[in-house]
Amino acid sequence: MLKISVVIPVYNMEKYLEQCIRSIREQTLLDIELICINDGSTDGSLELLETYCGQDSRIRVITQENKGVGEARNRGIREAKGEYLAFMDPDDYYLDERILEDMYQAAVTHESQICGGSLSEDHKNGQWIRKEFQGVYTKYTFEQEGYIEYKDYQFDYGFFRFIYKREFLMKNEIFFPPYIRFQDPPFFVKAMIAAERFYALPRVTYCYRYGHQNLKWDERRICAILNGFIDNLMMSREEGLSELHYLTVDRMLREYKDKIILGLESKSDKVLRLLLEADRQIDRTGLPEDSEYKEGVVPLIYEWEQKAVDRERNIAQQANAEYENIKNSTTFKVGKGIMAIPVRVKEYCKGNKENCK
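Predicted model only: the values in this text are computed from it and were never measured.

Caption draft 1: Broad picture of the overall build of the protein. From N to C terminus, the protein includes 13 helices and nine strands. Taking the contacts inside the protein whose residues are at least 6 apart along the sequence as the reference set, 78% of them involve residues at least 24 apart. For the protein, the exposed surface amounts to about 18,900 Å²; the carbon and sulfur share of it is 48%.

See below:
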């Protein structure tokens, strides 16, 4: 059996593929495979993948119609032959050559279902590699090596810095939900809940390329993140993970607030229904007593309604201002003077019909 299968979903990432695949091929752990799922790319991604496949027998290319990154990863899980699975996005990469070997050796030595390390971020094409984070995002990094109980961790981001035992995922039917956005956190949370604990390494195990994406937040993407929030709210509530529950509520009502309001402004019934469903999943008793989120989505909906009122008021004020400008213009005054003559003639004729014949 191969030691690790690296699953890479690819959709129009021609620009970044070379660095991504090179960083995997150069790993000191040789007994691996790269499963590249070409998810209906329309650029030169497939041609590049086929070239790499011809250069390295460890690379497999699977082409399918565009189904989204979650479905592409799921196919990789099913097709994989490795003992463990690693997930890599095609615009990301590994910073050094020993990452897979270190994670695999730690996972096998400590008989861990899930093993991973710290995250780094590539800003501006490598001009700055960020390795330190603040606030809740300090959970992107680990200070010491050893097992961590998920009940003591309760975090939802950064799934790609870990490897997962394939047998464990298959046995527990852990796959990515079919959302076009925010499918990673529900997968990660479900896996962590099932494993109960994971083995952590302080060393950096992944480099995430940051700031290059320019997404259009349409109804489908907004509904996808709401579905992801609903999943995590349900799981955290059922498992008594109050810290994760609060974090999920905070992400929904603060981090993604503007995007959700954008969906409401589009008058999408789907967005509104999913938002209300998410509200029903919030466990108010699990929130801190002084939490600003005790009212759930009500303030968010109020803000959306207030913005709609303000927008209508601004439109009316702008229309009135434009009308006043027209009334005060020379053209309007001249036209008004010219039109006054037939108006006076018409009024005169009303009382002097004989003279107007």
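Caption draft 2: Here's a closer look at the packing of aromatic side chains. Under the counting rule described, the total for this entry stands at 34 aromatic pairs. Between Tyr137 and Tyr157, the aromatic rings sit 6.4 Å apart at their centres with planes inclined by 40 degrees, giving tilted as the arrangement. Remark: Tyr157 occurs in the loop between helix 5 (150-153) and strand 8 (162-165) and Tyr137 occurs in the loop between strand 6 (128-130) and strand 7 (146-149); sequence separation between them is 20 residues. With a relative accessible area of 12%, Tyr157 lands in the buried category. Where Phe176 meets Phe187, the ring centres are 3.9 Å apart and the plane angle is 10 degrees; that geometry is what we call stacked. Note that Phe176 is positioned in the loop between helix 6 (166-171) and helix 7 (184-195) and Phe187 in helix 7, a separation of 11 residues in sequence. Take Phe187: its relative accessible area is 0%, and that puts it in the buried class. A cation over a ring is seen here: Arg73 above Phe176, with NZ or CZ 5.0 Å from the ring centre. Here the guanidinium or amino end of Arg251 rests over the ring plane of Tyr157, the centre of that ring lying 3.5 Å away.

Caption draft 3: Spotlight on the nonpolar core. If you look at the biggest cluster of nonpolar residues, it comprises 96 residues, and the most contacted ones within it are Ile4, Tyr164 and Met252. The dominant element in this core, judged by the number of residues it contributes, is helix 8 (residues 219-238), at eight residues. Excluding anything up to four places from it in sequence, Ile4 contacts Leu29, Asp31, Ile32, Glu33, Gly82, Tyr84, Ala86, Leu100, Tyr104 and Ile163.

Caption draft 4: Region of the structure containing empty space enclosed by the protein. Considering all chains together, one arrives at one cavity of 30 Å³ or more under this definition. By volume, the largest cavity is sized at about 30 Å³. Taken together, Lys67, Gly68, Val69, Gly70, Glu71, Pro177, Pro178, Tyr179 and Ile180 make up the full set of residues lining the largest cavity. Per-class residue counts for the lining of the largest cavity are five nonpolar, two polar and two charged.

Caption draft 5: Looking closely at the pairing of strand 5 (residues 114-123). Counting buried positions over the 10 residues of strand 5 gives 10, a clear majority of the element. In this structure, strand 5 lies alongside strand 8, joined through three bridges in antiparallel fashion. Bridge assignment links Ile114 to a residue of strand 8, and that residue is Tyr164. Two elements, strand 5 and strand 9 (residues 197-210), share eight bridges in a ladder whose sense is parallel.

Caption draft 6: Representation of the layout of surface pockets within the structure. Here the largest pocket is characterised by a volume of approximately 1,700 Å³. For the largest pocket, the lining is made up of 47 residues, of which Asp89, Arg181, Tyr208, Gln213 and Leu215 are closest to its centre. Contributions of two or more residues to the lining of the largest pocket are made by strand 1 (2-10), helix 3 (69-79), strand 5, helix 7, strand 9 and helix 8. Top contributing element to the lining of the largest pocket by residue count: strand 9, with three residues. For the lining of the largest pocket, a count of residues per class yields 21 nonpolar, nine polar and 17 charged. For the second largest pocket, the calculated volume is near 220 Å³.

Here is what the cut-offs are and how they apply
Residues numbered from 1 in each chain as written. Predicted model: local features only at pLDDT ≥ 70, side-chain atom pairs only at ≥ 80, totals over all residues. Heavy atoms only, no water. Helix = DSSP H or I, 4+ residues; strand = E, 2+ residues; numbered from the N terminus. Contact = heavy atoms within 4.5 Å. Areas by Shrake-Rupley, 256 points an atom, 1.4 Å probe, with all protein chains shown as cover. Phe/Tyr/Trp six-rings, centres within 6.5 Å; stacked < 30°, edge-to-face > 60°. Buried < 20%, exposed > 50% of the residue type's maximum accessible area, 1.4 Å probe, protein only. Lys NZ or Arg CZ within 6 Å of the ring centre and 35° of its normal. Core = buried A, V, L, I, M, F, W, Y, C linked by side-chain atoms within 4.5 Å. 1 Å grid on protein atoms, 1.4 Å probe; cavity = no way out; pocket = protein on both sides within 12 Å on 5 of 7 lines; lining within 4 Å. Points joined across faces, edges and corners; volume = space filled by probe spheres on them. Nonpolar A, V, L, I, M, F, W, Y, C, P; charged D, E, K, R; others polar. Pairing = 2+ DSSP bridges.

Everything listed here is a matter of geometry and, on its own, says nothing about what the molecule does.
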